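Results of the structural survey
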Amino acid sequence: MAPLNRALADSATHVTALLAEVGDNRTKWVEVFRDHLVVHPSRRSEGAAIAAQLGITVATDYPATRPGFTLWTGSWNDMDLYVYGDLRGSTREVRSWPV
């Protein structure tokens, strides 16, 4: 995990490097925190490709939400990074609570 005493301005500087690497046009917005960044692609279908480009390989699927999504997590340039993407193929149907 990234150090908690990181200045917010340092994290914001990482956004510039991130956008230069990924491409400003592929990014809808980036959430900036002292210890991590959260990337929201312009098209969620590009989330997995953006994560792979940045070396992010751990994915958690959230099929119970509507729409479902996959959150890619890892470390990039000594920052914790999260990238949203389309839900990967699900092998089971998600059941909801009865209404």
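The notes below deal with the structure included here. Every chain is numbered independently, its residues counted from 1 as its sequence is written. Note on the predicted model: pLDDT of at least 70 is required for a residue's local features to be given, and 80 or more for side-chain atom pairs to be given and counted; whole-chain, interface and lining totals, by contrast, use all residues. To get the side-chain values, take all heavy atoms of the structure and skip hydrogens and water.

Going along the chain from the N terminus, every DSSP run of H or I of four or more residues is numbered as a helix, and every run of E of two or more is numbered as a strand. Each helix and strand counted, the chain has 2 helices and 5 strands in total. Order of helices (α) and strands (β) in the chain, N terminus to C terminus: α-β-β-α-β-β-β. If you sum the accessible surface of the chain, you get close to 6400 Å²; carbon and sulfur atoms cover 54% of it. Only the protein chains shown count as cover for residues, and the accessible areas themselves come from Shrake-Rupley with a 1.4 Å probe.

Glancing now at the side chain of H40. Topologically, H40 is positioned in strand β2 (residues 36–41). A relative accessible area of 12% places H40 in the buried class. In contact with H40, other than residues within four places in its own chain, are T27, K28, W29, E31 and Y84. Each residue is assigned to one of three classes by its accessible area relative to the maximum for its type, calculated with a 1.4 Å probe on protein chains only: buried under 20%, partly exposed between the two thresholds, exposed over 50%. In what follows, a contact means two residues having at least one pair of non-hydrogen atoms within 4.5 Å.

Each Phe, Tyr or Trp ring, with Trp reduced to its six-membered ring, pairs with another whose centre is within 6.5 Å; inter-plane angles below 30 degrees give stacked pairs, above 60 give edge-to-face pairs, and intermediate values give tilted ones. Enumeration according to the criterion identifies 2 aromatic pairs in this entry. Considering the side-chain rings of Y62 and F69, the 4.8 Å spacing of their centres and the 20° angle between planes classify their relative orientation as stacked. Note on F69: relative accessible area 15%, which makes it buried. Between F69 and Y84, the aromatic rings sit 5.2 Å apart at their centres with planes inclined by 50°, giving tilted as the arrangement. Placement of F69 in strand β4 (residues 69–76) and of Y84 in strand β5 (residues 79–86) is noted, with a sequence separation of 15 residues between them. Y84 sits in the partly exposed class, given a relative accessible area of 23%. An aromatic cluster of three or more residues is present, and its members are Y62, F69 and Y84.

With that settled, the discussion passes to the environment of W29. Turning to its location among the elements, W29 is positioned in strand β1 (residues 27–32). Measuring from C-alpha to C-alpha, the distance between W29 and P41 comes to 7.0 Å, with 12 residues separating the pair along the chain. When near neighbours in sequence (up to four residues on either side) are disregarded, W29 contacts V38, V39 and H40.

With that out of the way, let us pick up the pairing of β1. Following DSSP output, two strands are said to pair if at least two bridges run between them. Of the strand pairs in this sheet, β1 and β2 are connected by 5 bridges, and their pairing is antiparallel. Within the sheet, the bridge partner assigned to W29 lies in β2 and is H40. Counting the residues in the hairpin turn of β1 and β2 gives 3 residues.

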